[in-house]
Amino acid sequence: MPAGINEAFETTFKLIFGECNVKLEELEDYLSKWHYPLIKKKSAISGKDVLISSLMCKKNARFISSDEIEFDKKFTLDINSIKDIDSIVEAIQDRVYYAGNKTFGNASFIYESDNCTDCNYVYKSHNIFSAKYIGNSIYLRHGNEYAFGASFSLRCRYVIKVSYADNLTRCFETYMSANCSDLFFCYNCNDCQHSMFSFNQRSKRYCIGNLELPKDRYFELRKKLIEESRNYIEKNKKFYSMFSMPPLEEEAGMLMEKPRSLQTTYKGDLTPINNAFESASKVIFGQEIGLPDEYEEFLCERIKKVKTIKSVFGKEVHYNPISFFEEIPKDRIVGRYEVEEVSKLNIRVDNEDSLERIMKKISKIALYQVDMWEGNNQNIIKSSVIDHCVNVYYVGDCAFGKNCAYCTLAVETDSVFGSFRASYSKFCIRCENSVNLTACFEMDSCTNCANSMFCHNCENLDNCMFCFNTKSKRYAIGNVEIGREKYMEIRERILAEIVRKLTKDKKLDIDIYKLGERRG
């Protein structure tokens, strides 16, 4: 175990459980449950292990560790032989390597991880941005510290096994919650402190099973339950699952007054979203190519398309089918218009209650909201986790975004389509695990790039195509800068080919991940 990582875990565990008699490595399987895994490959250069976070790379592609990349290596390119995409692919085969163990910016003490930016002390994790002391976690951003088994979260400190969380402190097994401290096994609790085994609560304190208790009684019961929980973890090297609940009993439904529906059939207005797609197409391809719905299959090829399901009350609910959402019992789902009513459910807690008895009791109140909307939102259509967004269509998890469709994990994006985690980006189509892109197409693991396409693991590119593992290039093809005039001439031919194929077939037979398959 790397120095500093297990110590950070022990510190975090003690803050939550009082003492720590278990090692991080003993809990790794439990902490990583429901995570997209790191994939181990062999370097085509050295044969050493390479860890890749993207699930899209092809099995017969060539891989390289980021510390093996020669960024100053000079390549050649016969530009006179470049006639179309196939001729480019043939010309660049000697430089098509997919990089693993990637770090960007100010990153140090990164162990067995991939795609980490401005991080320190990260272990067996991937897609981590601006964080420190992180273990067995994925897709964290903005200020996470001392986080273990965390996912899709920001601004959390001293947490274990949290997901879709914002601004949590000293929390354990907490999901879809924000601005809370000292939560233990809670789901969808906001602005709460000191609560255990609670669901769908707002601005509560000293709750167990959704029931507010006198402070002294709460801490008396908490001490007992925490000790039993610690012993359970030490013995079993895991904890109870938040989502392993039996079928919902009818008596639970009887306790709920059927909510008066504020929900109407809302089709939304696709006009601004269609206009944004046309604008993105013009910026990227030089002309419009049609409407996003015409390219649904193409745009959804690498994302997790939002699904529709019926709630406990029979209403239509949209959810993002990633991570733990797929584990939620489908007969226990509620929508955002129904959650206030189910929050009234609670359990009675006795001094004799053990951890095992509490876990059985809470099955009565374990109902899961999956369509979380926060902030000011307008024209949200068939989307799930939304925070301050405008004109969003089939997007799972969008924060401060606008004019986006068919995306997963869109953070501060504008006019982005068919992308999986293209953050702080605009006018992009089919870009993955990238940050700060403008007018880009078919990009993977790239940062601070503009007007580029078919590039992997690149930084600071402008007007480039088919580049791999390089930095700070302009007017480059296959890592070779060829000058603006020649580049624009070739680019015009390539774009014409792309547009012709897209408008005819509504898809392409080549993408950033298939380039490695086409070696001669």
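Above this text sits the structure in question.
## Concerning the pairing of strand β9 (residues 138-148)
For step 1, the next point in the chain: Two elements, strand β8 (residues 126-135) and β9, share seven bridges in a ladder whose sense is parallel. Bridging across to β9, isoleucine 128 finds its partner in leucine 140.
For step 2, the next point in the chain: Relative to strand β10 (residues 151-154), β9 runs parallel, the two sharing three bridges. Within β10, the residue paired with isoleucine 138 across the bridge is serine 151.
For step 3, the next point in the chain: Pairing geometry for β9 and strand β11 (residues 157-187), over three bridges, is parallel. Across the sheet, the residue bridging to glutamate 145 is arginine 157, located in β11.

## Some thoughts on the packing of aromatic side chains
For step 1, the next point in the chain: This structure, assessed with the given rule, holds 51 aromatic pairs.
For step 2, the next point in the chain: Ring centres of phenylalanine 277 and phenylalanine 417 lie 5.1 Å apart, and the angle between their planes is 80°; on these two criteria the pair is classed as edge-to-face. Of this pair, phenylalanine 277 sits in helix α6 (residues 271-285) while phenylalanine 417 sits in strand β24 (residues 414-417), and the two are 140 residues apart along the sequence. The burial state of phenylalanine 277 is the same as that of phenylalanine 417; both residues are buried.
For step 3, the next point in the chain: Ring geometry for tyrosine 394 and tyrosine 406: centres 5.4 Å apart, planes at 10°, overall stacked. With tyrosine 394 in strand β22 (residues 390-399) and tyrosine 406 in strand β23 (residues 402-411), this pair connects stretches of sequence that are twelve residues apart.
For step 4, the next point in the chain: The class for tyrosine 394 is buried, based on a relative accessible area of 12%.
For step 5, the next point in the chain: Positioned above the aromatic ring of tryptophan 373, the side-chain terminus of arginine 336 is 3.5 Å from the ring centre.

## Some words on the layout of surface pockets
Summary: where empty space remains is shown by rolling a probe the size of a single water molecule over the atoms.
For step 1, the next point in the chain: For the largest pocket, the calculated volume is near 750 Å³.
For step 2, the next point in the chain: Along the walls of the largest pocket sit 37 residues, with Arg141, Leu154, Asp166, Asp387 and Ala399 positioned nearest its centre.
For step 3, the next point in the chain: Only β8, β9, β10, β11, β21 (386-387), β22, β23 and β25 (420-423) provide two or more residues apiece to the lining of the largest pocket.
For step 4, the next point in the chain: Here the lining of the largest pocket is built from residues that sort into 19 nonpolar, nine polar and nine charged.

## Regarding empty space enclosed by the protein
For step 1, the next point in the chain: This structure, assessed with the given rule, holds five cavities of 30 Å³ or more.
For step 2, the next point in the chain: Space inside the largest cavity adds up to approximately 80 Å³.
For step 3, the next point in the chain: If you trace the largest cavity, you find it lined by Val283, Ile284, Ala439, Cys440, Phe441, Asn451, Ser452, Met453, Cys464, Tyr487, Arg491 and Leu495.
For step 4, the next point in the chain: Within the residue set of the lining of the largest cavity, elements represented by two or more residues are α6, β26 (426-444), β28 (453-465) and α10 (484-505).
For step 5, the next point in the chain: When the residues that make up the lining of the largest cavity are grouped by side-chain class, the tally is nine nonpolar, two polar and one charged.
For step 6, the next point in the chain: Within this model, the second largest cavity holds a volume of roughly 60 Å³.
For step 7, the next point in the chain: Around the second largest cavity, the lining residues are Phe104, Asn115, Thr117, Ile128, Phe129, Arg421, Asn433, Ser434, Val435, Cys446 and Thr447.
For step 8, the next point in the chain: Those elements that place two or more of their residues in the lining of the second largest cavity are β7 (114-123), β8 and β26.
For step 9, the next point in the chain: In terms of residue count, β26 provides more of the lining of the second largest cavity than any other element does, three residues in total.
For step 10, the next point in the chain: Taken together, the residues of the lining of the second largest cavity sort by class into five nonpolar, five polar and one charged.

About the thresholds
- Residues numbered from 1 in each chain as written.
- Predicted model: local features only at pLDDT ≥ 70, side-chain atom pairs only at ≥ 80, totals over all residues.
- Heavy atoms only, no water.
- Pairing = 2+ DSSP bridges.
- Helix = DSSP H or I, 4+ residues; strand = E, 2+ residues; numbered from the N terminus.
- Phe/Tyr/Trp six-rings, centres within 6.5 Å; stacked < 30°, edge-to-face > 60°.
- Buried < 20%, exposed > 50% of the residue type's maximum accessible area, 1.4 Å probe, protein only.
- Lys NZ or Arg CZ within 6 Å of the ring centre and 35° of its normal.
- 1 Å grid on protein atoms, 1.4 Å probe; cavity = no way out; pocket = protein on both sides within 12 Å on 5 of 7 lines; lining within 4 Å.
- Points joined across faces, edges and corners; volume = space filled by probe spheres on them.
- Nonpolar A, V, L, I, M, F, W, Y, C, P; charged D, E, K, R; others polar.

On their own, these measurements won't tell you what the molecule is for.
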